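Overview (structure and organization)
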Amino acid sequence: MAQQLTHIELERLSFIGPEEFVQAFAKDSNIDSSYKDLKKTNNLEVYVQWFNKLSYSVATQAVSHLKKKQRVRVIEWWIEVARECFNIGNFNSLMGIIAGLNMSPVSRLKKTWSKVQTAKFSVLEHQMDPTSNFSSYRSTLKAAMWRSAGAVDDRQKIVIPFFSLLVKDLYFLNEGCANRLPNGYINFDKFWQLAKQVTEFMAWKQVTCPFERVPHVINYLQSASILSEIGLAHASFECEGPENSYEKERYKNLQRVESQPTS
């Protein structure tokens, strides 16, 4: 499954060009209108939407079984997929899976999690811990980049970054640093940093996926139906009933919404 997720990630990355970053971050006042209309940022936006779909897919599968044993099996299976994504260097899918398992409808299932072997998951969460500006992840990403740079085997060349963080880094670098220095000179260091990060991204997205493609698995991952936020919450309470006053009130509100006639 991790290999098929890597196929999807690399395919979607391949559609994103450097000009999409320019258009995503450029202020209206600083870009020529004719260039602004040349190309939209659809591929970039679609890739972010894929991350959200993966997270919701993981959560949907976790709460779709009324039997606790089956939920435990599903959660542990996704943890193994996440671990393999980490080993491959597919950090975007890794974070998508972690995000899905940490969604409230899944994380609140205390009876289920009490039976899950969580040691491996804890290690993965530590690697993607957002504290200190994702310092653990950044160290791991740097190691993956070194591995990729000297790799002969195509499997060792794969580096798929946590995309939302990459976009955030580029955004703050662009917005947080002036284009010109106080003396009026061009801030070459800013543009060198931007060019460096975009160039690294361009190299990562051009890697050919070395794994055998399994079309029906890829199709399932991309087209599987997912529950809405309300649907996830309701399914979660069906798995394990509300335990405190907040959850009881939340469950009542969900039932009230469901009982309302649709127009």
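Cut-offs applied
- Residues numbered from 1 in each chain as written.
- Predicted model: local features only at pLDDT ≥ 70, side-chain atom pairs only at ≥ 80, totals over all residues.
- Heavy atoms only, no water.
- Helix = DSSP H or I, 4+ residues; strand = E, 2+ residues; numbered from the N terminus.
- Buried < 20%, exposed > 50% of the residue type's maximum accessible area, 1.4 Å probe, protein only.
- Lys, Arg positive; Asp, Glu negative; His and termini not counted.
- Salt bridge = Lys/Arg side-chain N within 4 Å of Asp/Glu carboxyl O.
- Contact = heavy atoms within 4.5 Å.

1. Describing the side chain of K53
Mapped onto the elements, K53 comes out in helix α4 (residues 42-62). Here K53 occupies a buried position and makes no salt bridge, while the nearest side chain of opposite charge, E9, is found at 13 Å. Sequence-distant contacts of K53, that is, excluding residues within four places in its chain, are made with L221, Q222, S223, A224 and I226.

2. Let's talk about the pattern of salt bridges
Oppositely charged side chains are able to pair whenever their charged atoms sit close together. This structure, assessed with the given rule, holds eight salt bridges. Notably, a salt bridge pairs R213 with E11, separated by 3.4 Å at the nearest N-O pair. Of the two residues, R213 is situated in the loop between α12 (188-205) and α13 (215-223) and E11 in helix α1 (residues 2-14); the sequence distance between them amounts to 202 residues. By relative accessible area, which is 40% here, R213 ends up partly exposed. In this structure E11 comes out as partly exposed when scored by relative accessible area, which is 33%. In this structure, the salt-bridge partner of K196 is E200, at a minimum N-O distance of 3.0 Å. Residue K196 and its partner E200 are both found in helix α12; the two are separated by four residues, about one turn of the helix. Residues joined in a network through salt bridges with shared partners are E80, R83 and K120.

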